[in-house]
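Tertiary structure, described
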Amino acid sequence: MVRIESIKEFGGYLNRYTHASAACHCEMTFSVYLPPKAQTEKVPALYWLSGLTCTDDNARVKAGAQRYAAELGMALVFPDTSPRGTDIPDDESRYDMGKGAGYYVNATAAPWSTHYHMYDYVTKELPALLEVHLPLIPGLKSISGHSMGGHGALICALKNPGVYASVSAFAPLCNPMGMAWGRECMSAYLGDDVKLWKTYDATCLVEAGARCAELLIDVGLADEYYEAGELLPENLSAACEKYGQPINLRFHEGYGHSYHFVATFIGEHLKYHHHYLTKC
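In short, a report on the structure.

Reading the values: the criteria
Residues numbered from 1 in each chain as written. Predicted model: local features only at pLDDT ≥ 70, side-chain atom pairs only at ≥ 80, totals over all residues. Heavy atoms only, no water. Helix = DSSP H or I, 4+ residues; strand = E, 2+ residues; numbered from the N terminus. Buried < 20%, exposed > 50% of the residue type's maximum accessible area, 1.4 Å probe, protein only. Contact = heavy atoms within 4.5 Å. Polar contact = N/O pair within 3.5 Å; in protein donor to acceptor, adjacent residues only side chain to side chain. Core = buried A, V, L, I, M, F, W, Y, C linked by side-chain atoms within 4.5 Å. Arc of directions from axis to C-beta. 1 Å grid on protein atoms, 1.4 Å probe; cavity = no way out; pocket = protein on both sides within 12 Å on 5 of 7 lines; lining within 4 Å. Points joined across faces, edges and corners; volume = space filled by probe spheres on them. Nonpolar A, V, L, I, M, F, W, Y, C, P; charged D, E, K, R; others polar.

Structural notes on the environment of Thr-81
For Thr-81, the position within the fold is in the loop between strand 5 (75-79) and helix 3 (118-133). Relative accessible area serves as the criterion here: at 0%, Thr-81 is assigned to the buried category. Residues Thr-81 and Gly-51, spaced 30 residues apart in sequence, show a C-alpha to C-alpha distance of 7.1 Å. Leaving out residues up to four positions away in the same chain, Thr-81 has contacts with Ser-50, Gly-51, Cys-54, Gly-100, Ala-101, Gly-102, Tyr-104, Met-118 and Met-148. Here Cys-54 takes part through its backbone oxygen, which lies 2.6 Å from a polar atom of the side chain of Thr-81.

Structure representation (structure tokens):
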């Protein structure tokens, strides 16, 4: 774990690191914001998962979360969205497959299966690394994300009950199995096993009995992906209502899919997570 950048913000430090990942079999880059409180004691962490085509850099520059994290005494962890490197499989003809599009799954199909293990990376390898080397409270973390990363946050929380104090998402892919594009991506990464696909779909997980803390989800009504029927939050909401999974699904008139939307409500999300993290 090598620090390659350190920027002072709001009394704390936004640091960037690289390390050799056993899960992804390559060098990975991530960023961590440590609030001023971390200079004297350990702090809880919020893991932020970014969306398609992003790296760790998008949210740390555009979301405006560090100001709130400094006030609340929370660390922010920004992983990358996929493995990187010249020898990593990619599909340059598509923005939604390959580098920048790991979907937070453990791929089982060629050519993705060697490197594309973002689920294990986010839920196991990265927290284990950071809780040893940074002033983070072991085991005290929450998770959030945007778009593909919102999908990642939801499935990580649902597949690991009790591991995350809270979970939230902005414009997440709520039901990949419910649309042709989602099924195509699941098939590419996971092969022909439809049962395996369902284990990386928040709606299917709830239907199968998975439970976690309340899901806080924000969606903009002017979001082009929502309008195209690709986010499907109503499917997840219906499953939660039927099977008793708490959910707070909020729609916002006029907001789109970009970080302008995220930045507008990120403060509310951090306060939401802080509430649950301080209850643990």
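Quick word on the environment of Leu-277
You can see Leu-277 is positioned in helix 10 (residues 259-279). For the pair formed by Leu-277 and Leu-46, sequence separation is 231 residues and the distance between their alpha carbons is 9.3 Å. Setting aside anything within four residues of it in sequence, one finds Leu-277 in contact with Pro-44, Ala-45, Met-74, Leu-140, Lys-141, Ser-142 and Ala-165.

Focus on the nonpolar core
Ranked by size, the top nonpolar core spans 71 residues in total, and within it Tyr-103, Tyr-121, Leu-130, Ile-143, Tyr-189 and Leu-236 carry the most contacts. The residues contacting Tyr-189, other than those within four sequence positions of it, are Met-97, Gly-98, Ala-101, Gly-102, Tyr-103, Val-105, Ala-107, Thr-108, Ala-109, Trp-112 and Tyr-116. Grouped together as the second largest cluster of nonpolar side chains are 22 residues, Ala-65, Ala-165, Tyr-259 and Phe-265 included.

Observations regarding helix 9 (residues 233-243)
Restricting attention to buried positions, one finds in helix 9 the residues Pro-233, Leu-236, Ala-239 and Cys-240. Down the axis of helix 9, the buried side of the element spans an arc of 125°, and every buried residue falls inside it. The exposed residues of helix 9 that point more than 90 degrees off its buried face are Glu-241 and Lys-242. On its buried face, helix 9 is in contact with helix 4 (148-159), helix 7 (202-207), strand 8 (215-220), helix 8 (224-227) and strand 9 (247-252). Of the residues trailing helix 9, Gly-244 is marked for its positive phi of about 80°.

Looking at empty space enclosed by the protein
Applying the stated criterion to the full structure yields two cavities of 30 Å³ or more. Looking at the largest cavity, its volume works out to about 40 Å³. As for the largest cavity, its lining consists of Tyr-103, Leu-173, Pro-176, Met-179, Trp-181, Gly-182, Cys-185 and Met-186. Along the lines of polarity and charge, the residues of the lining of the largest cavity split into seven nonpolar, one polar and no charged. Estimates place the volume of the second largest cavity at around 30 Å³. Every residue lining the second largest cavity is listed: Leu-46, Trp-48, Ala-65, Leu-76, Phe-78, Ile-266 and Leu-270. Sorting the residues of the lining of the second largest cavity by element identifies strand 4 (43-49), strand 5 and helix 10 as the ones contributing at least two each.

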